[in-house]
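Notes for the structure review
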Amino acid sequence: MRILSWAYLIALFTFILLPVGVLVVFSFQDGRLPVPPFKGATLEWYASVLADRALMEALLNSMIVALISAAVSLTLGFLAASGLARVVLPGSVLMRGVLIAPMTVSYLIVALGLLQMFGKIGVRPSLLATGIGHVVINLPLCFAIIYASIGEHQKNALKAARDLGAREWQVLWLVAAPMLLPSLAAAYFLAFTFSWDEFIIAFLLTRFDVTLPVEIWSMLRSGLSPETNAVGSLVFLVSIVIVVALELLLFRKGAK
Amino acid sequence: MTASVTIQAVEHRFNNFTALHRVDLSIEAGEFIVLLGPSGCGKTTLLSIIGGFFTPTKGQVLIGGADMTHVGPRDRPTTTMFQDYALFPHMSLADNVAFGLRMRGVGKAARRDKAMEMLDMVGLADKGSRKPHELSGGQRQRVALARALAVDPDVLLLDEPLGALDLKLRRQMQDELKEIQQRVGTTFVHVTHDQEEAMAIADRIVVMNQGRIEHCGTPEEVYLNPKTPFSADFMGEMNRIEIATGQAASLGGTDAQPALDGGTLCLRPESIGLQGDFSLGRARLAHASFFGSHHRCHFRPLEAPDREWIAHLPQGIALHPGDEVELFGRNPVIFPRDAA
C-alpha cells in the first residue's frame, strides 16, 4: 500500500511537472532544436533572450500591465466587497452574482466583446485596452477572495470602528485593509499572475506594443527554438518566485 | 460622563417580522440596566437601536434629552462592547484602546496616556504592546471594555459580552463590570439571557419577551413580585399551583392576600418550607438531593399525587423519602385566571 501511494504521488507530480521540466531542460540545449536528444548544456539562448530588444520590451509591457491591472482589480474588488459586506440592500445577492459572473465567461468571449465595444467607442488595441480586459477578468476574482474573507468577526470589527468615530475612509484604510491584508495580498498576487500569463485577451487587444505571451507566440510562428524555451523558463521563474514569496510571507505567517 | 436614555414608542420590523412592539423605556443617567430575555425576544435589536446601528421603524430614541433617532453610531455619545469583542487584530492593545481618541483627533502622547490609564483600570497595564491574539478570552474582554470606555461615552452598550467566558470567569467579570460602572458612573445597558448574571449586576432588570417589555424593576421586584407569568418563570424556578374558581384558598398572612378565588399561585422553591404564612396541606417527600446551601426536595401533595412541588429546605433537615409533612408557603405570587 505504502509503495503504491508513493508511486501514485510520483506519477502525479511527473504528470504535472514533466512539460515544464522538459521546457526548462531544453532551454539549455546546445543545438538548434529543443527536442531530444539532449546535446549538452549552454547559456547561449538565455544570452540571446536578454539581448533581444523586442522580447525585453514585451517583458516590460507585461510587467506594467500586470502591476497596474492587478492594483486596479484589487482596489475595485476591495471596495465592492466591503460595501456589500456592510449593508444588506435589496438585490445584494443579484449584485454579488453580477460581480462574479465574468469569471464564468471564457476569456475568448470577454476579449471578443471588448474588441467590439472598444471598436465602437474608438479605443485602439493597446496595452491600455489589454489592461482593461485584465481588470474585467481579475476584478471578480479579487472581489470573491476578499468578500469570502469578511466574516462575522471582521464585520463586527468594522462596526466597532464606526462606533468609535471612524469615518468611512478611515474604516477602510485603518481597519479593513490591514485586517484583511493576507487576503488582499493573495488577491493581488493571483491577479498579477493571471494577467502576466494571459494570452487571448492580450493577443486580441494589442497591436504594436505587445505583452510577453503574445511576443512568445509570434516567436513560435517562426518555428521551435531553444530561445522560446528560455523565455518560457524565465516566465515560469517569475511565477515561481511569486508563489514562493506568497507562501513565505503570508501563509506561513497565517499559520502561526 | 453619563446621560439618560429614553425610548419612546419604538417599533422595529425586519421585513414581515416585528422584532419590537411599541417599546417604552426610561433609563436614568448612571444606571446599570440589564435587558434580559430568551433569544429572539428583541433585546439585541433594542440595544442596536440605542447604539444607532438600526433606525427604528417607528418611535424615538432620546439620549441625554436629545433626539438621536436618526443619528448614526459615529455621532452618538454611545459605544458598544461587542459579543465577540471585535478588537482590531492588527493593532496592539494600546492602539486598540486609543483608536476612538485617534478618531477624535486627540494627539499621540495624550491618547497614549489615556490608553495606558484605561488598560491599567482593567489590570492590563503591562500588556499594552501585545496583540489581541496573544490574550485569553477574559483579557480580550477587558481590552474591549477599556476601548469602549476610553472615549468617555455617556452610555455604554454591552451585547452579551460575557457569553463566551467560562462560569468562574463570568462571575468574576460581572463583579468587575459592576465595580467599574460604579467608578466611572457611565450609564450601562447590558444584554444577556442569563438571569443570574442580570441579578448580579443590574440596578434594574428589563425582562423582555417576543418584542415586548414584560417587567422592568429592581432584581428584588422582578424576582419576588414578577408582573407576568413569563417573567416569573424566566427569573427562576416556580411552583405553579392552580386554584379552581369557587374553591377559595386562604393565604392567611399578615399583609395578606385575601382568600384567592381562582387563579394561579406561584411559589419559588425557597418559599415553600416547614414553616410559613399559610398552609399548603400535607405532602409526601418523593426524593431529595443535597446542593450544599440547601436540600432540593421533590414533594407530592397528598390531595393531588400527580403534581410535584419543589422546595429548597435548609441544611440539616432530616427527612427521608416517603415522609409526610405539612408544607407552608410565603411570598406568594398570584396571577388571576386570565393572566395565567
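Residues numbered from 1 in each chain as written. Chains lettered and ligands numbered in written order. Predicted model: local features only at pLDDT ≥ 70, side-chain atom pairs only at ≥ 80, totals over all residues. Heavy atoms only, no water.

Naming follows an unreviewed UniProt entry, where chain B appears as Spermidine/putrescine transport system ATP-binding protein of Pseudooceanicola nitratireducens.

Looking at an unreviewed UniProt entry, chain A carries the name Spermidine/putrescine transport system permease protein, with the source organism given as Pseudooceanicola nitratireducens. Comment text from UniProt for chain A, heading Subcellular location (unreviewed entry), reads "Cell membrane". Per UniProt, chain A has the following entry under Sequence similarities (unreviewed entry): "Belongs to the binding-protein-dependent transport system permease family. CysTW subfamily." (UniProt positions renumbered as here; feature names shortened; annotations may be inferred.)

The interface of chain A with chain B comprises 18 residues on the first partner and 20 residues on the second. Counting the surface lost from both chain A and chain B, the interface buries some 1800 Å², and carbon and sulfur atoms represent 64% of this. Looking at the side of chain A facing chain B, the largest losses of area belong to D163, L164 and L174 of chain A, adding up to 39% of the total buried there. At the junction of chain A and chain B, the tally comes to 0 salt bridges. For the side of chain A that touches chain B, the elements supplying multiple residues, two or more each, are α7 (152-163) and α8 (168-179) of chain A. Per element, the largest residue contribution to the side of chain A that touches chain B is 9 residues, and it comes from α7 of chain A. (Contact = heavy atoms within 4.5 Å. Buried area = accessible area lost by both parts, 1.4 Å probe. Salt bridge = Lys/Arg side-chain N within 4 Å of Asp/Glu carboxyl O. Helix = DSSP H or I, 4+ residues; strand = E, 2+ residues; numbered from the N terminus.)

This next bit is on helix α2 (residues 93-103) of chain B. In an α-helix, one turn spans 3.6 residues; hence positions three or four apart end up facing the same way. Among the 11 residues in α2 of chain B, 9 count as buried, and that is most of the element. Among the residues making up α2 of chain B, those that are buried are L93, A94, N96, V97, A98, F99, G100, L101 and M103 of chain B. (Buried < 20%, exposed > 50% of the residue type's maximum accessible area, 1.4 Å probe, protein only.)

Moving on, we come to the sheet that holds strand β9 (residues 204-209) of chain B. Residue and element names in this part refer to chain B. Here we have 6 strands laid out as an open sheet, ordered β6-β7-β8-β3-β9-β10, and mixed in their pairing. Edge positions in the sheet fall to β6 (78-81) and β10 (212-217), since each has one partner strand and no second. Sheet twist, expressed as the average angle between the axes of neighbouring strands with direction ignored, equals 20 degrees. Relative to strand β7 (residues 155-159), β6 is paired through 4 bridges, and the arrangement is parallel. Within β7, the position partnered with M81 by the bridge is L158. Along the sheet, helix α4 (residues 137-149) makes contact with β6, β7 and β8 (187-192), crossing β6 at roughly 175 degrees. (Pairing = 2+ DSSP bridges. Axes fitted to C-alpha atoms, helices over the stretch in contact; angles between N-to-C directions.)

Here we take up the pairing of β9 of chain B. Residues and elements named next belong to chain B. Counting buried residues along β9, 5 of its 6 residues qualify, which places the element largely inside the surrounding structure. Both strand β3 (residues 32-36) and β9 contribute to a ladder of 4 bridges, which runs parallel. Each residue of the ladder has a partner; that of I33, found in β9, is R204. Inspection of the sheet shows β9 paired to β10 by 5 bridges, in the antiparallel sense. Within β10, the residue paired with M208 across the bridge is I213. Here β9 hands over to β10 after 2 residues, with Q210 in that stretch at a positive phi of 50 degrees.

A few words on the environment of D194 of chain B. All names here are of chain B. Looking at the element boundaries, D194 is found in the loop between β8 and α6 (195-201). Sequence separation between D194 and L36 is 158 residues, and the spatial gap between their C-alpha atoms is 7.2 Å. Setting aside chain neighbours within four positions, we find D194 in contact with L36, R170 and R171.

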